[in-house]
Amino acid sequence: MTSRTTQTVVRFSSPFRLPGFDGAQPAGEYRVDYDEELIDSVSRLAWRRVGAFIHLPAIATQSSTQQMMPIPLSALETALEKDHKPS
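**Quick look at the overall build of the protein chain**
Part 1: The helix and strand tally for the protein chain stands at 1 helix and 4 strands.
Part 2: Going residue by residue from the N terminus, the α and β elements of the protein chain occur as β-β-β-β-α.
Part 3: Along the first, second and third principal axes, the C-alpha atoms of the protein chain reach 45 × 35 × 20 Å.
Part 4: Out of the 87 residues belonging to the protein chain, those deemed buried represent 30%.
Part 5: Pairs at least 24 apart in sequence give 45% of the contacts found in the protein chain among residues at least 6 apart.
Part 6: A total of about 6100 Å² of accessible surface is found on the protein chain, and carbon and sulfur atoms cover 49% of it.

**Looking at helix α1 (residues 73-84)**
Along an α-helix, residues three or four positions apart point the same way, because every turn accommodates 3.6 residues.
Part 1: Relative to the 16 Å expected for 12 residues at 1.5 Å per residue, α1 spans 17 Å between its end C-alpha atoms, a close match to the ideal helical length.
Part 2: Against β1 (3-12), β2 (28-39) and β4 (67-71) lie the buried residues of α1.

**Section: the nonpolar core**
Part 1: Judged by nonpolar contacts, the single largest core of 17 residues is most densely connected at F12, L18, Y30, V32, I54, I71 and L76.
Part 2: Put simply, the parts of the chain that give this core at least two residues each are β1, β2, β3 (46-56) and α1.
Part 3: For this core, the leading source of residues is α1, giving 4 residues.
Part 4: Non-local contacts of V32, meaning those with residues more than four positions away in its chain, are made with T6, Q7, T8, V10, A52, F53, I54, H55 and L76.

The rules behind each value
Residues numbered from 1 in each chain as written. Predicted model: local features only at pLDDT ≥ 70, side-chain atom pairs only at ≥ 80, totals over all residues. Heavy atoms only, no water. Helix = DSSP H or I, 4+ residues; strand = E, 2+ residues; numbered from the N terminus. Buried < 20%, exposed > 50% of the residue type's maximum accessible area, 1.4 Å probe, protein only. Contact = heavy atoms within 4.5 Å. Areas by Shrake-Rupley, 256 points an atom, 1.4 Å probe, with all protein chains shown as cover. Expected span 1.5 Å × (residues − 1). Core = buried A, V, L, I, M, F, W, Y, C linked by side-chain atoms within 4.5 Å.

In structure tokens:
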């Protein structure tokens, strides 16, 4: 199966929590890598997301160490939806 990795930047306006993390992460912009697999289709090219990784710390944070943590796709989507809901 053909696969690829795409990268995007997500923005959280408030601190957020993700499963498997010790505590809340601060608001800010974060790089996220998505692993995707090609969906076999006769009519067009399509990709399905099968995994996600968030880069820590936030882009604007000065740090000598960085890490890339796996995160469940549904947990990231839920955290982003919660953050972007109007008050």
